[in-house]
Amino acid sequence: MENKKLIELAFEAREAAYAPYSNFAVGAALLTADGKVYKGCNIESASYSPTNCGERTAMFKAVSEGERDFSAIAVVGGFLDREKIDFAWPCGVCRQVLMEFCDPKTFRVIVAKSVDDYEEYLLEELLPKGFSPRNMEKLI
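Residues numbered from 1 in each chain as written. Predicted model: local features only at pLDDT ≥ 70, side-chain atom pairs only at ≥ 80, totals over all residues. Heavy atoms only, no water.

A. How the structure looks around the side chain of Thr57. In this fold, Thr57 is placed in helix 2 (residues 54-64). We classify Thr57 as buried; its relative accessible area is 12%. A polar contact is formed between the side chain of Thr57 and the backbone oxygen of Cys41, at a distance of 3.0 Å. The residues contacting Thr57, other than those within four sequence positions of it, are Gly40, Cys41, Ile43 and Asn52. (Helix = DSSP H or I, 4+ residues; strand = E, 2+ residues; numbered from the N terminus. Buried < 20%, exposed > 50% of the residue type's maximum accessible area, 1.4 Å probe, protein only. Polar contact = N/O pair within 3.5 Å; in protein donor to acceptor, adjacent residues only side chain to side chain. Contact = heavy atoms within 4.5 Å.)

B. Representation of the sheet that holds strand 1 (residues 24-32). The strand order 2-1-3-4-5 describes an open sheet built from five strands, whose pairing is mixed. Of all strands in the sheet, those with a lone pairing partner are strand 2 (37-41) and strand 5 (118-122), marking the two edges. Direction aside, the axes of adjacent strands within the sheet are offset by 15° on average. Bridge count between strand 4 (residues 108-112) and strand 5: five bridges; the pairing is antiparallel. Looking at the pairing, Arg108 lines up with Leu122 of strand 5. In the packing of helix 2 onto the sheet, the strands contacted are strand 1, strand 2 and strand 3 (70-79), and the crossing angle to strand 2 comes to about 140°. (Pairing = 2+ DSSP bridges. Axes fitted to C-alpha atoms, helices over the stretch in contact; angles between N-to-C directions.)

C. How the structure looks around the side chain of Arg95. Tracing the backbone through its elements, the reader meets Arg95 in helix 3 (residues 92-101). Here Arg95 is buried and forms no salt bridge, its nearest opposite-charge partner Glu55 lying at an N-O distance of 7.4 Å. At 2.7 Å, the side chain of Arg95 forms a polar contact with the backbone oxygen of Pro90. Setting aside chain neighbours within four positions, we find Arg95 in contact with Trp89, Pro90, Leu123, Leu126 and Leu127. (Lys, Arg positive; Asp, Glu negative; His and termini not counted. Salt bridge = Lys/Arg side-chain N within 4 Å of Asp/Glu carboxyl O.)

D. How the structure looks around the packing of helix 2 against helix 3. Interaxial distance between helix 2 and helix 3 falls to 9 Å at its minimum, and their mutual angle equals 25°. Accordingly, the angle class assigned to the pair helix 2 and helix 3 is roughly parallel. Relative to helix 3, helix 2 is oriented so that their crossing is left-handed. Packed against helix 2, whose contacting residues are Glu55, Arg56, Met59, Phe60 and Val63, the element helix 3 presents Val93, Cys94, Val97, Leu98 and Phe101 at the interface. For the contact of helix 2 with helix 3, the per-class residue count stands at eight nonpolar, no polar and two charged. (Parallel < 35°, antiparallel > 145°, perpendicular 65-115°, else oblique. Left-handed = near helix turned anticlockwise from the far one by under 90°. Nonpolar A, V, L, I, M, F, W, Y, C, P; charged D, E, K, R; others polar.)

Dropping the structure here:
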């Protein structure tokens, strides 16, 4: 799947965001190795702690459906009351969840302002020296 199509799907996911407290809506589109896409948005809570990011929503939906092999994620986000948005980087918790299920050397993270203005990184660039299931194998 082309990056632009994945970004379009992330923007679609962003429309469902529930962000009444921060007014910052995030959408994500997670691509499996076999070409399926799972969309997710951020879902806020008045007590903040149970709030969930768009990236994790997409990942949890995919994993709950039995998916375990992923190739890329597109992430978009910004304030609802502003026309222009900037890059919305996955937070540290989301990066760690991605590390749990994705190969950091091949998994692509695409952050976008629009379908034409985006940047692409490997997960290992965003979470160098990250802790993954492979680290647990070394302990056993």
